[in-house]
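# Results of the structural survey
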Amino acid sequence: MKSSTATATTATADGGRPRTLPYVGRFAPSPTGDLHLGSLYTAAGAYLESRSHRGRFLVRIEDLDRPREVPGAAGRILATLEAFGFEWDGAVMRQSARSDQYAAALRTLTERGLLFACSCSRSQLPGSAPYPGTCRTLRLASGPGVALRIRVEPGEIVFTDRVQGEFRQNLAATGGDFIVRRRDGPAAYALAVVVDDAAQGVTEVVRGADLLPSTPQQIHLQRALALPTPAYAHLPLLTEPDGAKLAKSRHSRRLDDADAGAQLLRVFALLGLDPPLSLTGAPVAELWPWAVDRWSLRRVPRCPSLALPRDPVTGS
Ligand code: GLU
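Here's a quick rundown of the structure.

Conventions we followed
- Residues numbered from 1 in each chain as written.
- Predicted model: local features only at pLDDT ≥ 70, side-chain atom pairs only at ≥ 80, totals over all residues.
- Heavy atoms only, no water.
- Near = heavy atom within 4 Å.
- Polar contact = N/O pair within 3.5 Å; in protein donor to acceptor, adjacent residues only side chain to side chain.
- 1 Å grid on protein atoms, 1.4 Å probe; cavity = no way out; pocket = protein on both sides within 12 Å on 5 of 7 lines; lining within 4 Å.
- Sits in = over half its atoms within 2 Å of the grid points.
- Nonpolar A, V, L, I, M, F, W, Y, C, P; charged D, E, K, R; others polar.
- Buried < 20%, exposed > 50% of the residue type's maximum accessible area, 1.4 Å probe, protein only.
- Helix = DSSP H or I, 4+ residues; strand = E, 2+ residues; numbered from the N terminus.
- Right-handed = clockwise from strand over helix to strand, strands pointing away.
- Pairing = 2+ DSSP bridges.
- Axes fitted to C-alpha atoms, helices over the stretch in contact; angles between N-to-C directions.
- Contact = heavy atoms within 4.5 Å.
- Expected span 1.5 Å × (residues − 1).
- Arc of directions from axis to C-beta.

### Re the site of the ligand
Lining the immediate environment of the ligand, one finds Arg26, Ala28, Pro29, Ser30, Glu62, Tyr189, Val193, Arg207 and Leu211. Between Ala28 and the ligand, the recorded distance is 2.8 Å, taken from a backbone N or O atom to a nitrogen atom. Glu62 places a polar side-chain atom, nitrogen or oxygen, 2.6 Å from a nitrogen atom of the ligand. Here the ligand occupies the largest pocket. The residue inventory of the shell around the ligand, partitioned by class, reads five nonpolar, one polar and three charged.

What follows is the structure, encoded as structure tokens:
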């Protein structure tokens, strides 16, 4: 008998969907600040991947975490995307308007017996170690001030990322049973992203490699909710020239709309597109078709992070 293990434990490149399914990609920023060079890198990668497949490109504002939201950031993100020549299909989805859909998914998971209420506070839990299962069998009532966790069982989740290659994680050994609804009410990021990607028919998720380790949790949720698993491509995370996280330097400052062409050429170079000097000074409307034509995910550096080159003048 042919073993089905590979498909049961591996997210296939096309998520097991029929090959005729049209490509749908997305960029899903959180409005916790303005877009900077690192976000432009991810957005450009997602956009080029969609457009080179002649697919749809969606924008979703992930404004689930109200306390971390910076007032006005969502509007500025969309304005910056427009100034940089991004064109998206259909209306922008906002997670803040989708609590009913997340509640429905939580009901499904509850009906399947996969959730339990957890009253542990952060200080009661062991730092980075997996959740110790304190409330797993207590059958606490779910209500305000109580989180909901999904059970995970031992066993590896394995998938092949289109940039980073094979990735495997044993959820039980890393984070253990994880939160799908927070104590303070809203759905957790992993649940929202899975529900939204499925609702929008996303076939490939292109995003920063900082989210690679969260992907197995999302695949676990897709399986629990019987939703398709999209393909994943995690682009390297841009860092300061010394390898540090993009800090409050010019690299993490709000993108300057007046300098869109030069900044696009910069990220195109970092995406492996090798733009010729003759494109210097070209309008963004000319840069995108050139990049779509040349784009291939195979050109993207296959590393988790990528240091920005030092400025030859300032050395920073
Ligand atoms: N909202 C997340 C962020 O801004 C991205 C989530 C995703 O692309 O899945 O980092």
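### Some details on the pairing of strand E10 (residues 204-208)
In terms of burial, E10 is largely enclosed, as five of its five residues are buried. As a crossover connection, the stretch from E10 through helix H7 (residues 215-224) into strand E11 (residues 231-235) is right-handed.

### Brief notes about the sheet that holds strand E5 (residues 115-118)
On the basis of which strands lie adjacent, the open sheet formed by three strands has the order E5-E6-E9 and antiparallel pairing. Of all the strands in the sheet, the pair left with one neighbour each is E5 and strand E9 (178-181). Pairs of neighbouring strands in the sheet enclose a mean axial angle of 45 degrees, with direction left out of account. Where E5 meets strand E6 (residues 147-150), four bridges bridge the pair, whose relative direction is antiparallel. By the bridge assignment for E6, Phe116 is matched with Arg149. Strands in contact with helix H4 (residues 99-111) are E5, E6 and E9; relative to E5, the strand with the most contacts, it is inclined by about 105 degrees.

### Remarks on H4
Between its terminal C-alpha atoms H4 stretches 18 Å, which fits the 18 Å expected from 13 residues at 1.5 Å a residue. Along H4, the positions that sit buried rather than exposed are Tyr102, Ala105, Leu106 and Leu109. Around the axis of H4, the buried residues are gathered within 100 degrees of arc, so they sit on the same side. Residues of H4 that are exposed and point over 90 degrees away from its buried face: Asp100, Arg107 and Glu111. Its buried side turned inward, H4 meets E5, E6, E9, helix H6 (189-199) and H7. Where H4 ends, the next residue or the one after it, Gly113, has phi of about 70 degrees, a positive value.

Without other data, these values stay purely geometric and don't point to any function.
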